[in-house]
Amino acid sequence: MLSGMIATLLAGAADTRATEAPRRFEFARTVMAAPMNLVLYARDQEAASRAAEAAFDRARAIEGIMSDYDPASELSRLSAAGGGGFVPLSDDLWRVLSRSQELAAATEGAFDVTVGPCVELWRRARRMRQAPAAAELAAARARCGYRLLALDPHSRSARLERPGMSLDLGAIAKGYAAQEALGALEKLGITRALVDLGGDLALGDPPPGARGWRVAVAPLRDGVPSLYLWLSRCAAATSGDAHRFAEIEGRRYSHIVDPRTGAALTDRSCVTVVAPDAASADALATAVSVLGPERGSALLDGQAGAAGRIVRFTQGVEEIRESARWKALPVFVPEPAAR
Ligand code: ADP
Ligand code: MG
């Protein structure tokens with residue numbers, strides 16, 4: 001009887017602690033060669049650190065699988081097996097490649113993770129400040145094409161049809177890792193959290209008492225965003241910002257390639273996408289960059305829960321297009337700074 005009462009009293013004390021206002025914690029590391037930032041609310045430093053380490057570990061594990069730089073990664077080994085038989089995949093790689101192929105089909109190849117040989121050619125071109133020769137580009141294109149990647153859902157395995165092919169998950173892996181890192185936090189009871197992996201955001205529940213996480217929408221003017229969104233339990237990504245261009249003989253080349261021509265994009269554009277999960281947001285932002293404002297916003301209208309804002313600069317003229325669902329997002333427009 002007495003011990004029963006003590007247990008009740010202790011439970012009461014524990015309840016009080018649990019309802020104490022959670023505190024805000026921030027963590028930063030480098031993962032996938034990008035800054036990875038976490039913001040989370042937890043009851044104490046120990047719970048926060050433990051969850052943060054689990055989130056970073058999860059993202060690093062995905063980096064180990066999906067890196068195209070590391071020849072030992074699962075992705076590189078799959079690429080090296082091009083022209084051979086089916087290769088069984090890990091759960092993570094299966095999920096990312098399945099989603100990638102869905103998007104390749106939905107965009108008629110504007111989004112295409114088999115674009116590796118073309119991306120590699122343009123990487124070299126940017127380093128050497130010289131556009132690739134037509135013959136080189138043709139040879140690279142012969143080793144690209146999402147139809148050359150077969151997935152078998154029964155055995156969860158993949159096959160690349162030709163030798164010399166190479167998969168590049170640069171447009172989806174960071175988003176996937178951000179989402180999985182958020183999942184790792186949630187598993188440890190941390191639901192009010194934000195994961196930012198190189199600009200790909202996975203958002204959990206909002207901070208206590210807040211409407212959502214305040215997310216800046218590019219482009220920046222004079223370093224100050226002109227528009228914010230209040231977001232929670234969804235994801236956001238930006239693609240094609242001006243910083244990732246390189247200039248060759250007076251033309252600006254993006255790190256995004258149009259897989260249908262093999263050419264790097266030259267129009268300056270800035271795409272912000274909101275979607276239910278960060279892998280989708282990341283990939284859709286890249287896809288919309290390739291498709292352009294009109295076809296890009298049509299793509300977003302056809303994807304469950306997706307919305308986007310596309311800013312494109314053509315010969316100095318700015319064109320802005322918002323997809324249908326974008327207009328329903330809660331926006332926040334800051335007052336112009338007082339002079
Ligand atoms: P960021 O890395 O700045 O977030 P993205 O998410 O747009 O940019 O991804 C761009 C990367 O995706 C490129 O560096 C390249 O590795 C890869 N890539 C380029 N073009 C395509 C494409 N059309 N489809 C899929 N992946 C692409
Ligand atoms: Mg992307």
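Residues numbered from 1 in each chain as written. Chains lettered and ligands numbered in written order. Predicted model: local features only at pLDDT ≥ 70, side-chain atom pairs only at ≥ 80, totals over all residues. Heavy atoms only, no water.

A. Looking closely at the overall build of the chain. Across its full length, the chain holds eight helices and 18 strands. The principal-axis extent of the C-alpha atoms belonging to the chain is close to 85 × 60 × 35 Å. Classification of the 339 residues of the chain by burial places 48% in the buried group. Taking the intrachain contacts of the chain between residues at least 6 apart in sequence as the baseline, contacts between residues at least 24 apart amount to 60%. Of the accessible surface of the chain, which amounts to about 16,700 Å², a share of 53% is contributed by carbon and sulfur atoms. Taking the average location of the 41 positive side-chain charges in the chain and that of its 40 negative ones, the two points are 2 Å from each other. (Helix = DSSP H or I, 4+ residues; strand = E, 2+ residues; numbered from the N terminus. Buried < 20%, exposed > 50% of the residue type's maximum accessible area, 1.4 Å probe, protein only. Contact = heavy atoms within 4.5 Å. Areas by Shrake-Rupley, 256 points an atom, 1.4 Å probe, with all protein chains shown as cover. Lys, Arg positive; Asp, Glu negative; His and termini not counted. Charge placed at Lys NZ, Arg CZ, Asp CG, Glu CD.)

B. Representation of the coordination of the magnesium ion (ligand 2) in the model. Protein-derived coordination of the magnesium ion (ligand 2) comes from Asp282 (O), Asp282 (OD) and Thr286 (OG1), at a distance range of 2.1 to 2.4 Å. Here the residue Asp282 and the residue Thr286 both occupy positions in helix α8 (residues 278–301), the gap between them amounting to four residues, near one helical turn. The pair formed by Asp282 and Thr286 is uniform in burial state, with each residue classed as buried. (Donors = N, O, S within 2.8 Å, 3.2 Å for Na, K, Ca; no water.)

C. Representation of the packing of helix α2 (residues 45–66) against helix α4 (residues 91–106). Following both chains from N to C, one finds α2 and α4 inclined at 70°, their axes separated by 10 Å at the closest point. In terms of axis orientation, α2 runs roughly perpendicular to α4. Packed against α2, whose contacting residues are Arg58, Ile62, Ile65 and Met66, the element α4 presents Asp92, Leu93 and Val96 at the interface. The class makeup of the residues in the contact of α2 with α4 is five nonpolar, no polar and two charged. (Axes fitted to C-alpha atoms, helices over the stretch in contact; angles between N-to-C directions. Parallel < 35°, antiparallel > 145°, perpendicular 65-115°, else oblique. Nonpolar A, V, L, I, M, F, W, Y, C, P; charged D, E, K, R; others polar.)

D. Representation of the state of the cysteines within the structure. A full pass over the atoms with the stated rule returns zero disulfides. Here Cys270 is not cross-linked by a disulfide; its sulfur's nearest cysteine counterpart is in Cys234, at 18 Å. (Disulfide = S-S within 2.5 Å.)

E. Structural context of the sheet that holds strand β3 (residues 87–88). A sheet is described by the order of its strands in space; here three strands give the open sequence β3-β5-β4, paired in antiparallel fashion. At either margin of the open sheet sits one strand with a lone partner, and together these are β3 and β4 (149–152). Packing of α4 onto the sheet brings it into contact with β4 and β5 (157–160), and relative to β4 it is tilted by some 120°. (Pairing = 2+ DSSP bridges.)

F. Structural context of the site of ligand 1. By nearness alone, 18 residues border ligand 1, and Asp168, Ser239, Val257, Asp282 and Thr286 come closest of all. With respect to ligand 1, the side chain of Asp168 contributes an N or O atom lying 2.6 Å from an oxygen atom. His255 places a polar side-chain atom, nitrogen or oxygen, 3.1 Å from an oxygen atom of ligand 1. When ligand 1 sits alone it has 570 Å² of accessible area, and the protein chains cover 94% of it. (Near = heavy atom within 4 Å. Polar contact = N/O pair within 3.5 Å; in protein donor to acceptor, adjacent residues only side chain to side chain.)

G. Here's a closer look at the packing of helix α5 (residues 116–128) against helix α6 (residues 134–141). At a closest axis distance of 8 Å, the pairing of α5 and α6 adopts a crossing angle of 150°. By the angle between their directions, the pair α5 and α6 is classed as roughly antiparallel. Of the two possible hands of crossing, α5 and α6 adopt the one that is right-handed. Residue-level contacts link Pro117, Cys118, Leu121, Trp122 and Arg124 of α5 to Glu136, Leu137, Ala140 and Arg141 of α6. Split into classes, the residues belonging to the contact of α5 with α6 amount to six nonpolar, no polar and three charged. (Left-handed = near helix turned anticlockwise from the far one by under 90°.)

H. Highlighting the sheet that holds strand β7 (residues 200–203). Strand order in this open sheet of eight strands is β1-β2-β6-β7-β10-β15-β16-β17, and the pairing throughout is antiparallel. Two strands in the sheet have a free side with no partner beyond their single neighbour: β1 (23–31) and β17 (317–322). Ignoring strand direction, the axes of neighbouring strands in this sheet form an average angle of 10°. Relative to β17, strand β16 (residues 307–314) runs antiparallel, the two being bridged by six bridges. Bridge pairing links Phe313 to Glu318 in β17. Across the face of the sheet, helix α7 (residues 173–187) comes into contact with β2 (34–42), β6 (193–197), β7 and β10 (234–239) while running at roughly 155° to β6. Contacts from α8 reach β7, β10, β15 (268–275), β16 and β17 within the one sheet, and its direction differs from that of β15 by about 125°.

Taken by themselves, the reported measurements are silent on function.
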